[in-house]
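Summary of the model geometry
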Amino acid sequence: MNNDVAEIVRAIRSEFKQHRSERITVAFSGGRDSSVLLHLLADQTDLPVDACFVAHGLQDSATASAWLQHVRQFCAALCVPLEERSAESLASGGNIEARARDARYDLLSALPGRRLLLLAQHQDDQAETVLLQLLRGSGPAGLSGMPHAFSLGPHRALRPLLRQNRVWVETYATTFGVAHFEDPSNADQSIDRNYLRHTIVPALEARWPSMARTVSRAAEWQQHSQQVLDQTAARDVRHVSLTGGRCSVAQLRQLPIVRQRNVLRFALRSRALSPAPASRLESVLGLIEQSAGRGEVAWQEVRVRRYRDGLYLLRARPAPPAAFVRDINVQEWVQLPGDLGRYRVVAELTQAKRWRIGTRQGGERVRLHANRPGMPLARWFQTHDVPPWERQRMPLLWIDDEIAAVGETVLPRFVGLSVEWQPAS
C-alpha cells in the first residue's frame, strides 16, 4: 500500500507542477473515498492542500447539519483549510445524480485562482460509469468513462485514485482509521448507479472477480479510439468551415455519413452543447440532405437549424424583446433590452442631428448609396445571409431618419461611422 500511496502522490505532484497551479483542492464530500484521498495528502506538508465541500440541500436539516459538522471536524483534525459552497437550488426534473454533479462542477470551476482539483472516483466507479453508459447505448465517448485528467474552468481536474479499486480504498480507511460520513442516498436503489452497485455488480464480480479492472481497461481502449475520432473530426471541422456554430451544408455533404455524424458530435461537444440522441442526430443528417429550405431539430437546450447553405448549432434563447426605438448619445454604451447586449457609436458624423437605436418593426428600407434607390431591409438580410431567427435581434442604428448600420455592419455611404455591438453571451 505504501508504494501505491507514493505513486499517487508522485502523480499529483507532477500534475501540480505541470499545470503551474497555485493550490491543490480536494473535492471533499466527507464520504469514504474523498476522506481517504484527503487523508493521504494531509501529511504532505510541502503541498498547499485544502478541501472544498459542496452542500446540495438534498437531505433533511438534521442530516445536513450532522454531515457538515463531520466535514468541518475531519478537516480541522487534519489541519486542512475548508471552503464551503452551496448548490441548494438544483433544477427540478431529470437525473438527480447528474444534476448534483453538474452543480458541483459549476461551483468547483468558479473557485478563485488556478488550482489542481482532485476528485476521488476510483476503479469501481469507473466500471459502474462504463456499464451505465453501455446500458444507455452510448458510443465511444460515453464508453470511455471518466477521464483521468481534464480541464474544469481555469483549473485542472485529476482523478488520482482511478487505478485503485474499492477494496484498496476500504483497506486504507481501515488501516489508518479514516472515519467518513455515509450519504443516506447511497442506499436508494431507485437511483440507477446505486442499483447497479448493490445488485448487478456483485453478481458480475461473483462470476468475473476482476470485472472492475477489466471494464476500466476497456474504457481506456475506448478513450484511445475516441482520440482518433476527435483528431479526424478536428480536420473535418476545418473542412466544413465551422465558425460561430455555423458550418457549410455543401461541405458537410462531401464527407461520408459516418464522418458527418462524427463531426457533428465533436462540434456539439466543443460548443458545450448536450450530445444528440441517436434519433435526433439522424434528423440533423436529414436537414443536411435537403436540397434547400429550412428546418430545425431540437433536444434539451440545443437547436440545430438549417438556412440556405448554413447548418447552425445553437443554444436555445428566450424570445427576442418587443420592437423598440430610442434616442441615444454617441460614445455612450447603451444597454439593449433582453439578451441583445449593448451598443455604442464610436465615431460620429458631426452633421448628424439625431441618433436612435432600435430593432426591426416592419417596412424599413436601407439606402446603400446616395445616388441610388433604397431596398427593403428584408432583402438586405437575405443578401447578407442573415438567418431569419437573428433578424429581430439585430440592432438598427438611425442617423436622423435613415438607417446607417445594421448590427455592426455600417452601410457603405456612411463613411467614417464606426459602431460596436456586444451581444449577450
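This text gives an overview of the structure that appears in the document. (Residues numbered from 1 in each chain as written. Predicted model: local features only at pLDDT ≥ 70, side-chain atom pairs only at ≥ 80, totals over all residues. Heavy atoms only, no water.)

1. A look at the pattern of salt bridges
The following threshold applies: A side-chain nitrogen of Lys or Arg and a carboxyl oxygen of Asp or Glu constitute a salt bridge if their distance falls within 4 Å. Working definition: helices are DSSP H or I runs of at least four residues, strands are E runs of at least two. Numbering for both runs from the N terminus. Relative accessibility thresholds used throughout: buried, under 20% of the residue-type maximum; exposed, over 50%; partly exposed, between the two (1.4 Å probe, protein chains only).
Per the counting criterion, the structure on display carries 31 salt bridges. The residue Arg 115 makes a salt bridge to Asp 50 at a minimum N-O spacing of 3.7 Å. One end of the pair, Arg 115, is in strand β4 (residues 115–118); the other, Asp 50, is in strand β2 (residues 49–55), and 65 residues separate them in sequence. Classification of Asp 50 by relative accessible area gives buried; the value is 3%. Residues Asp 124 and Arg 166 are paired through a salt bridge, measuring 3.5 Å at the closest nitrogen-oxygen approach. Linking Asp 124 in helix α5 (residues 123–135) with Arg 166 in helix α7 (residues 166–176), this pair joins segments that are 42 residues apart in sequence. The exposure classification of Asp 124 matches that of Arg 166, with both residues buried.

2. Observations regarding the sheet that holds strand β20 (residues 418–422)
We apply this condition: Here the rule is simple: two strands pair whenever DSSP picks up at least two bridges between them.
Read across the open sheet, the three strands follow the order β12-β13-β20; overall the sheet is antiparallel. Unpaired on one side and paired on the other, β12 (334–335) and β20 mark the two borders of the sheet.

3. So, the nonpolar core
Formally: Residues belong to one nonpolar core when they are buried, are Ala, Val, Leu, Ile, Met, Phe, Trp, Tyr or Cys, and are joined through side-chain atoms within 4.5 Å. Throughout, a contact is declared for two residues whenever any of their heavy atoms are within 4.5 Å.
By size, the foremost hydrophobic cluster in this structure holds 33 residues, and its most contacted members are Leu 38, Leu 40, Leu 41, Leu 118 and Trp 168. Where this core is concerned, the elements lending two or more residues are α1 (2–19), β1 (23–27), α2 (32–42), β2, α3 (61–78), β4 and α7. The contact partners of Leu 118, leaving out residues within four places of it in the chain, are Ile 12, Ile 24, Thr 25, Val 26, Ala 27, Leu 37, Leu 41, Leu 158 and Pro 160.

Treat this as a map of the structure, not an account of what it does.
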